[in-house]
Structure formats: C-alpha cells, structure tokens
Amino acid sequence: MIKGKAFKFGDDIDTDIIVPATYLSTFDPKELAKHCMEYTNPEFYGEVKEGDIIVAGKNFGCGSSREHAPIAIKGCGVSIVIAKSFARIFYRNALNIGLYILECPEAVDGINAGDTVEVNVDTGVITNATTGKSWQAAPFPKFIQNIIECGGLINAIKADKFN
Amino acid sequence: MKATMTQQILAKKLGIKATDPSLKAGNLVLVEADTALSNDVTAPVAIDVFNKSGCALCDAKKVTFVLDHFTPNRDIQSAKQCKIVRDFAREKGVENFFDVGEMGIEHALLPEIGIAKPWDVIIGADSHTCTYGALGAFSTGVGSTDIAGIMMSGKIWLKVPSAIKFNLVGKPSASISGKDVILYIIGKIGVDGALYKSIEFAGEGVKYMTADDRFTICNMAIECGAKNGVFPIDETTDAYTSESCGKTFERFETPDDEAYEKVIDIDLSSIRPIVAKPHLPSNTEFVDELKEDIKIDQVVIGSCTNGRLSDLEQAAKVLEGRHVNKNVRTIVIPATNKIYLQALEKGYISTFIKGGAIVSTPTCGPCLGGHMGILASDEVAITTTNRNFIGRMGAKDSYIYLASPATAMASAIAGKITSADKLED
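Because the structure is a prediction, the values reported are computed rather than measured.

Before going further, it helps to examine the overall build of chain B. Check the secondary structure of chain B and you find 13 helices and 18 strands. Expected size for 425 residues packed as a compact globule is a radius of gyration near 22 Å; at 21 Å, chain B falls within 12% of this value. Expressed as a percentage of the 425 residues in chain B, the buried residues total 62%. Taking the intrachain contacts of chain B between residues at least 6 apart in sequence as the baseline, contacts between residues at least 24 apart amount to 74%.

Here is the structure:
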C-alpha cells in the first residue's frame, strides 16, 4: 500500500519540465532529483517527501525519450504518478526504471494538492484519505508489479521475476 | 472476427484466442519477441545496459544488429560506436549482424532477407521499426533498455493497442504511390491522430498497394503517432515471402468493424501527388494546389521509407531521357546492396548518373542529417524520407518537403516542386 501527500500538476507536463536538458550529463537519481520540476515548481524538491504522490493531467511525460525524467521523479522519493494519461515513451520508461504509474482521470479530478492519497497497487484502488472518495484504476499485471518491486526491468530479469 | 490483426498476432504468440479478455485494448501483456533490432546509434546503449547486467544472452538468433545510420563511418565517434557493436556480435556469436558490405537500411534489409516476416513480433530500437506490418507482422519501436531486456530474457511487455481501420476504396491513378497515400492519411488525421494506436489497412483498395507501397505506408505509421501499422496477408504478401522466406503464410481472419475504435474510408482514386511542407509530415498539400513556385537546392531519393527497387524505378522512369536541373544536387540511395544491384541490372543507375544524379552506397545518411547531403541555412530540399522536422537534414533554418520518388525526381528536373505529369518533354 502506497500512502502520501499529493502534488498536483497540469496537462502536458513535458520531459524538459520534469528535468531540464542541461542536467542530463548524469544518471544519478539523487542529482537529477534536485532539478525535478525546477523551472516551473522550484519549491517542489524541497517540499516533496519519501512516498509522496504526483497527480497530473493528460499526456504526462511528453517530449523526449530520456529515461532521466522518470529517474528524477523516483529520485525525489515519489512513490507513484497518477495522471489522466501518459505519453507512450514515458509510460514505458517509467515502468522499466521501476516507477509506479496509474491512469485514472476521475481520481485526478477528485484529488487536490495537499490531500493524503492511498493507492493499493494490487487492486488499482485509489483513495483520497482526506475526502474519503475512492476510484478504481486498471491494476497492473503481476509481471509489471515485479518490475517495479525489483527496481526496474533489468533487475527484474536478473532476479528471474520477468515472467 | 472480433479482434484486430494486431490482437491476432499477439494471441498467436501467447497461444490464446484473439478474443481472450487479456488482449483487450489497454491491457499489458508479456510476449516472446522474434527479433530485437538495433543499429549503430541504439545498439551501443543496449549493449552497455546488457553488459552491466552480467546476464547471458538469451538467444543470439533473436538479436539483429544493422550498422546503417552513420556508415560507412562518417567520423571517429561513429567508427567507435560501430566497433562496439561489431566486437559484441563476434564475441557473442550474433549471426544477424550486418556490417558494410552486407548491410542495407535496416527496415529494407530485414524483410528482404526474411528476418521480418508475417506473424512475427519484431521490436526495434528505431522508431521506423513499424515498417514490417506491411507483411502482417507486429513491429514497433522502443528504447535501448527494452532491447537489452529482450537480449536478456527474450521477452517484451506491450500494451495492447486500440486500433483505427483505414478502409481503402477506389483505384489509385498510375501516378500515385504508397508515399502519396500515407502522406494523405497523415495530413488527414495529424501527427498525433493515431497516438498509442494500431493503424490497420483493409478494403478492396489494398490489392492496388504493392509490397513496396505497403512498406512505405507502414514505415510512416509512427508519423501519425501510431504504435504499429498492419496490412492483411494476401497474394501480394505471398509473392514477397515466397522470395524472401521460400514460403507463404496463414491469413488473418478478417476483423469486424466493431474490433476497431474508428473506421476511416480513404478513397484512393481521389489522391493526387502530394507533399508535406515544412516542418511537419501532416502539413500536406496536393502539388497542383501549391500557391507559389518552390525552388529547390537538393533532392534525396532513398531511406527506409522510399529506397526500394520500385521507388528507384519510378524515379528512373521520370528521369529517363532528361537531366536534372543544374542548380539541384540529386542524391539517390538504394536501400540495400540487392536493390542497388537490381537497379544496376535494370539500367536505373545508368539513367541516374547520365541524368546528373549521384548514387550512394546504402546508408540512412542524409535523412537524419547524419552525412551524405547536409543542408545549409535557407536551403530547400524535396526528399522521399520520412521527417521534415526543423533541422532534420541539417541547418535549423533549412526547409524540407516530403514527397514520392516520382515527385522528388520531377522536381529535381524542373528545379522547383512539380509532379511528374506536369513535366515538359
């Protein structure tokens, strides 16, 4: 079970917003994390705590194919990104580096910044603990959950959990 | 059949019915890949991830490397990249490794030598991997980590795409090729018109689309955002695979319209020679509706989109007995050595050279601004390649028009954008 404070973002958050291209010379999650959302939400890195949740609009992660974007988010301690939809390559990259994501437009509309949100990744149930409302997102099959629990695709294959 | 052609391919791989609930659009499935393709740009990254994992190669037969982007090497850095792939292929016994001499542009080469075939699942670290749907394969582009994952496990996870059916009706005029058809479609639905989705082709018009037309059409599926494109397996496919694989393949069951999110009719008889203007493939206009003369500096005929024999044939027929304009650099690039040799035997190469064009060894080269024909500021090119993004072929203030081989060559002769039927004798 995931539980954390919601940070809200709008539509079309692109990979340059998530981590500006100038910082791409490193793959270190902790370094990248320091610049996560730096240009648009400079306070984000200082406020976000381990386990917190990003809630965003449609087409989250559009733009470049860089894996640095989900790595930066994961490096901040974010436990899951809930969005109305994800850009295709970000979707693949996030799961492949071991970051939970869920698509649930209704939940995005029903969650305000600062709300406490709980997510059961096994069932796909998202609950706004602040308001008591809950929503059903399509849960991930076991092999995807294994990828995330192992910390990414390569680790999951090494652990013989990609099956 | 209530399942799309894409769902039927995935079902066969998974050993389940195509209508199985697990294959509902939007679901995630884990499938065996037949081929993991990468090139001199993307393979070194995949090899690095693979090497760091410490895992063994799952199955060397599934791995295909084609050194085609910056080859013959344009500089020391690209030579290093190729060497990484070459050394890895030799060390691991990867037989499907294609270096200068055997290589061709990957998406022309793989079907030609039978690596890409109907019903296959082909995953490539190159966005134009979607080309092989022309033969009834499922193929799509991914990142290098996914390729490393297949090298380690043989498998790939995929989201089952929803699909748009393009119902091809009417008979195209003789001057229309697959390039005109796909540019027309992209112009109609936009660069994100099929985002995440499969685009599938059906209808009586399919029979007018040659194998080469189908490769061009599926190749550019990504340019309207699609995950993959698929044609039915028919007599045209049979003729192609009889040569490439020495056999023919089982047909798809015809999907009902209900299997699709949307059905769009495309009247092939209404399509005229078309160009995509700078800077998006969707910015299309029929050539006869262009409002002003557009002078050009360079023409490229080639690439994974249009470097096949029939493309060269169309261009050669337009050029035969004529000469390109003195102010136009005309670069022709056969996509593979086999195509090059066939074009030589058929006299097309002679036509190109006598007509003032140059002919290059196979390479992706100018399509992505790599080498072999970079544009300077303010220069204008008309090209048979697939992207006219800002700076794609060189300077960020150069201008690219996408067109069919016939239109590109006609423009080379006229010195300005024109269609072949408007050329003066």
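Picking up after the structure, the text goes on.
The subject of this paragraph is the overall build of chain A. Within chain A, the regular secondary structure consists of eight helices and seven strands. Relative to the globule expectation of 15 Å for 163 residues, the C-alpha radius of gyration of chain A, 15 Å, shows essentially globular dimensions. Projecting the C-alpha coordinates of chain A onto the three principal axes gives extents of approximately 45 × 40 × 25 Å. Across the 163 residues of chain A, 54% fall into the buried class. For chain A, restricting intrachain contacts to residue pairs at least 6 apart in sequence, the fraction spanning at least 24 positions comes to 63%. For chain A, the accessible surface area stands at approximately 6700 Å², while carbon and sulfur atoms represent 51% of it. Counting 16 positive and 20 negative side-chain charges, chain A places the averaged centre of each group 3 Å from the other.

With that settled, the discussion passes to the interface of chain A and chain B. Accessible area lost during the coming together of the parts is what is often quoted as the interface size. Taken together, the contact pairs 20 residues of chain A with 22 residues of chain B. Together, the buried faces of chain A and chain B total about 1900 Å²; carbon and sulfur atoms form 65% of this surface. It is A:Arg88, A:Arg92 and A:Phe162 in chain A that bury the most area against chain B; as a group they hold 37% of the surface buried on that side. The interface formed by chain A and chain B contains two salt bridges.

What follows deals with the sheet that holds strand 8 (residues 163-169) of chain B. Residue and element names in this part refer to chain B. A sheet is described by the order of its strands in space; here four strands give the open sequence 10-9-8-11, paired in parallel fashion. Here the strands that pair on one side only, and so sit at the sheet edges, are strand 10 (228-230) and strand 11 (262-267). Strand-to-strand twist in this sheet, taken as the mean axis angle between neighbours without regard to direction, amounts to 20°. Its contacts with the sheet place helix 6 (residues 178-189) against strand 8, strand 9 (198-202) and strand 11, and it is angled at close to 130° to strand 11.

All right, on to the side chain of A:Gln145 then. All names here are of chain A. Here Gln145 is to be found in helix 7 (residues 142-150). For Gln145, a relative accessible area of 4% gives the class buried. Dropping the residues within four chain positions of it, Gln145 is found in contact with Tyr100, Val121, Asp122 and Phe140.

Residue and element names in this part refer to chain B. Taken as a whole, the second largest pocket holds about 760 Å³ of empty space. As for the second largest pocket, its lining consists of 32 residues, of which Thr210, Asp212, Leu309, Ser310 and Glu313 are closest to the centre. Of all elements in the fold, only helix 4 (106-112), helix 7 (211-219), helix 8 (235-244), helix 10 (309-319), helix 11 (337-345) and helix 13 (405-414) reach the threshold of two or more residues within the lining of the second largest pocket. Of the residues forming the lining of the second largest pocket, the biggest block, six residues, is contributed by helix 10.

How each quantity is defined
- Residues numbered from 1 in each chain as written.
- Chains lettered and ligands numbered in written order.
- Predicted model: local features only at pLDDT ≥ 70, side-chain atom pairs only at ≥ 80, totals over all residues.
- Heavy atoms only, no water.
- Helix = DSSP H or I, 4+ residues; strand = E, 2+ residues; numbered from the N terminus.
- Rg over C-alpha atoms; globule rule 2.2 N^0.38 Å.
- Buried < 20%, exposed > 50% of the residue type's maximum accessible area, 1.4 Å probe, protein only.
- Contact = heavy atoms within 4.5 Å.
- Areas by Shrake-Rupley, 256 points an atom, 1.4 Å probe, with all protein chains shown as cover.
- Lys, Arg positive; Asp, Glu negative; His and termini not counted.
- Charge placed at Lys NZ, Arg CZ, Asp CG, Glu CD.
- Buried area = accessible area lost by both parts, 1.4 Å probe.
- Salt bridge = Lys/Arg side-chain N within 4 Å of Asp/Glu carboxyl O.
- Pairing = 2+ DSSP bridges.
- Axes fitted to C-alpha atoms, helices over the stretch in contact; angles between N-to-C directions.
- 1 Å grid on protein atoms, 1.4 Å probe; cavity = no way out; pocket = protein on both sides within 12 Å on 5 of 7 lines; lining within 4 Å.
- Points joined across faces, edges and corners; volume = space filled by probe spheres on them.

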